[in-house]
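# Breakdown of the fold
Below are the chains, spelled out letter by letter.
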Amino acid sequence: MLYYKMNKNKINTSNKIYKRDIKSGEKNEKKVFEYLNATIYKDEPLEKSSDKYAVFDFFSKSAICELKSRNNIHSHYRSTMVGFNKIDYANKMLEDLSESVLVRPEVVFYFLFQDGLYSWNLDNNQYYTKQSGREDRGQVEKSKYAYINISNLELITKDICS
């Protein structure tokens, strides 16, 4: 279920900026994964998704987590964005869970900024959507995004940064 793949066909994977983003993202994933398992999820450690194009990065029985790395401090913009496909996927997955499930997993988005690690638990009343994207990786990458006001983010630690 967590291995539903994102559409990677639009991305020019040989682009220099894309390669830099992937390398940075992998480095940040490693340090955040280790931090989360040593602190927040030490009693029920997260596992990494085995496919780098999976919708979410980490999961356990009680949590589904996505990490977004940012190259700015958290307060640089009024909001931060995440692909709406991730929120849509999480909502559909939660809807499909049987009433007999004892533990509904929490859906947590982690944002690693230059000034710390922040989190946001999925709340469908705390974001707005719009079409947006980027063009700096050699191709137009446009999609629907969810924008989350930074006032809804919770600081987890300043010990690790992007």
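Use the structure listed above.
Only a predicted model underlies this, so the values are computations on that prediction, with no experimental measurement involved. (Residues numbered from 1 in each chain as written. Predicted model: local features only at pLDDT ≥ 70, side-chain atom pairs only at ≥ 80, totals over all residues. Heavy atoms only, no water.)

## Some words on the packing of aromatic side chains
Summed over all chains, the structure comprises nine aromatic pairs. Relative to Phe109, the ring of Phe56 lies with its centre 5.8 Å away and its plane at 55°, an arrangement referred to as tilted. Note that Phe56 is positioned in the loop between β1 (47-48) and β2 (58-59) and Phe109 in strand β5 (residues 106-113), a separation of 53 residues in sequence. Relative to Tyr127, the ring of Trp120 lies with its centre 6.2 Å away and its plane at 90°, an arrangement referred to as edge-to-face. Feature note: the residues Phe56, Phe84, Tyr89, Phe109, Trp120 and Tyr127 constitute an aromatic cluster, connected by ring pairs. Across from the ring centre of Phe33, 5.2 Å away, lies the NZ or CZ of Lys48, which sits over that ring. The aromatic ring of Tyr147 is capped on one face by Lys130, whose charged end is 5.1 Å from the ring centroid. (Phe/Tyr/Trp six-rings, centres within 6.5 Å; stacked < 30°, edge-to-face > 60°. Helix = DSSP H or I, 4+ residues; strand = E, 2+ residues; numbered from the N terminus. Lys NZ or Arg CZ within 6 Å of the ring centre and 35° of its normal.)

## Looking at the side chain of Ser119
Relative to the elements of secondary structure, Ser119 occurs in strand β6 (residues 116-121). With relative accessibility at 6%, the residue Ser119 sits in the buried group. Setting aside residues no more than four positions away along its own chain, Ser119 makes contact with Val108, Phe109, Tyr110, Asn152, Leu153, Glu154 and Ile156. (Buried < 20%, exposed > 50% of the residue type's maximum accessible area, 1.4 Å probe, protein only. Contact = heavy atoms within 4.5 Å.)

## Digging into helix α2 (residues 84-96)
Compared with the 18 Å implied by 1.5 Å per residue over 13 residues, the 18 Å span of α2 between its first and last C-alpha is a close match. Against β3 (63-69), β4 (79-83), β5, β6, β7 (127-134) and β8 (141-149) lie the buried residues of α2. (Expected span 1.5 Å × (residues − 1).)

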